[in-house]
Amino acid sequence: MGCLFHKTCFTCCVCSKTLSGKPFYTVSDLIYCEDDFLFSGVHPAPEVCDSCGHLIADMVLQACGKLYHPSCFRCVICRESLEDQPFTMDSHNRVYCVRDYHRVNAPRCAACRMPILPVKGSTESIQVESFYRNYHVECYKGIVNLT
């Protein structure tokens, strides 16, 4: 900038806040406080975390067209971080770890009423569908003689 200012004259051109000792930005010889620089249209639209709503100043995690702080990208049930982890979303765009998604959204067995979940170490569940009802394989074997 190459200019000297009185402490009281060094202000933001939008909100008139005193900027002495605070971060500031200059564009076309105009001085902006950080908030006005980011939100006045002088600076490209800021990246905002879809989870917490705060500005993302450093690393951005993008998933399904939304932006997150890496620390904010978590399962809505267990709150486990999903950075570098498999995840899924429901029809309301809520983010789940695979385990909790199956636990919450799994079909229920028509015989025992328990959720039909993937076996340990898998992400896919095995079920029998008969007459528009879902069954665990073991429960269906108990109802119908398969031999």
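Residues numbered from 1 in each chain as written. Predicted model: local features only at pLDDT ≥ 70, side-chain atom pairs only at ≥ 80, totals over all residues. Heavy atoms only, no water.

Some thoughts on the packing of aromatic side chains
Geometry of an aromatic ring pair is reported as the spacing of the ring centres plus the angle between the planes.
Now for step 1: Scanning the model with the defined rule gives seven aromatic pairs in all.
Now for step 2: Both rings, one in Phe10 and one in Phe24, keep their centres 4.9 Å apart while their planes meet at 85°; by these two values the pair is edge-to-face. With a gap of 14 residues between them, Phe10 in the segment before strand E1 (24-27) and Phe24 in strand E1 connect regions that are remote in the sequence.
Now for step 3: Centroid distance Tyr68 to Phe73: 4.9 Å. Interplanar angle 55°. Geometry classified as tilted. In this pair, the class of Tyr68 matches that of Phe73, namely buried.
Now for step 4: Taken together, the ring pairs in this structure connect Phe5, Phe10 and Phe24 into an aromatic cluster. (Phe/Tyr/Trp six-rings, centres within 6.5 Å; stacked < 30°, edge-to-face > 60°. Helix = DSSP H or I, 4+ residues; strand = E, 2+ residues; numbered from the N terminus. Buried < 20%, exposed > 50% of the residue type's maximum accessible area, 1.4 Å probe, protein only.)

So, the nonpolar core
A general trend in soluble globular proteins is that nonpolar side chains are found buried together.
Now for step 1: One finds Cys49, Ile56, Leu61, Ala63, Tyr68, Cys72, Phe73, Cys75, Leu82, Met89, Val95 and Cys97 forming the largest nonpolar core, which totals 12 residues.
Now for step 2: Only strand E3 (61-63) and strand E6 (95-97) provide two or more residues apiece to this core.
Now for step 3: With sequence-adjacent residues up to four places away left out, Phe73 is seen in contact with Leu61, Ala63, Tyr68, Glu80, Ser81, Leu82, Glu83, Phe87 and Val95.
Now for step 4: Listed in part, the five residues of the second largest apolar core include Phe10, Cys12, Ile31 and Cys33. (Core = buried A, V, L, I, M, F, W, Y, C linked by side-chain atoms within 4.5 Å. Contact = heavy atoms within 4.5 Å.)

Considerations on the side chain of Asp90
Now for step 1: You can see Asp90 is positioned in the loop between strand E5 (87-89) and E6.
Now for step 2: Under the relative-accessibility criterion, Asp90 is labelled buried at 10%.
Now for step 3: Here the side chain of Asp90 touches His92 through a polar contact of 2.8 Å, landing on its backbone nitrogen.
Now for step 4: Separated by 2.8 Å, the side chains of Asp90 and Arg94 make a polar contact.
Now for step 5: Asp90 has contacts with Tyr96 and Tyr101, leaving out every residue within four places of it along the chain. (Polar contact = N/O pair within 3.5 Å; in protein donor to acceptor, adjacent residues only side chain to side chain.)

Some details on the environment of Tyr68
Now for step 1: Mapped onto the elements, Tyr68 comes out in strand E4 (residues 66-68).
Now for step 2: For the pair Tyr68 and Ser51, spaced 17 residues apart in sequence, the C-alpha separation works out to 6.5 Å.
Now for step 3: With residues near it in sequence (within four places) discarded, Tyr68 still touches Cys49, Asp50, Ser51, Ile56, Met59, Val60, Leu61, Ala63, Phe73, Met89 and Val95.

Brief notes about a nonpolar patch on the surface
Now for step 1: Together, Val76, Ile77 and Val104 make up an exposed nonpolar region whose accessible area comes to about 220 Å².
Now for step 2: The topology assignment puts Val76 in the loop between E4 and E5.
Now for step 3: Residue class for Val76 comes out partly exposed when judged on its relative accessible area of 35%. (Patch = residues over 30% accessible without salt bridge, like charges linked within 9 Å, V, L, I, M, F, W, Y side chains within 5 Å. Areas by Shrake-Rupley, 256 points an atom, 1.4 Å probe, with all protein chains shown as cover. Salt bridge = Lys/Arg side-chain N within 4 Å of Asp/Glu carboxyl O.)

What about the confidence of the model for the protein?
Now for step 1: When pLDDT is averaged along the protein, the result is 85, and 92% of the positions lie at 70 or above.
Now for step 2: Averaged pLDDT values over the elements of the protein bottom out at 81 in helix H1 (residues 34-39) and peak at 93 in strand E8 (residues 133-135). (pLDDT = per-residue confidence, 0-100.)

Notes on unusual backbone geometry
Now for step 1: You will see that Cys64, though not glycine, has its phi angle at about 55°, which is positive.
Now for step 2: With respect to the secondary-structure elements, Cys64 resides in the loop between E3 and E4.
Now for step 3: For Phe131, which is not a glycine, the phi torsion comes out positive at approximately 50°.
Now for step 4: Overall, the relative accessible area of 77% leaves Phe131 in the exposed class.

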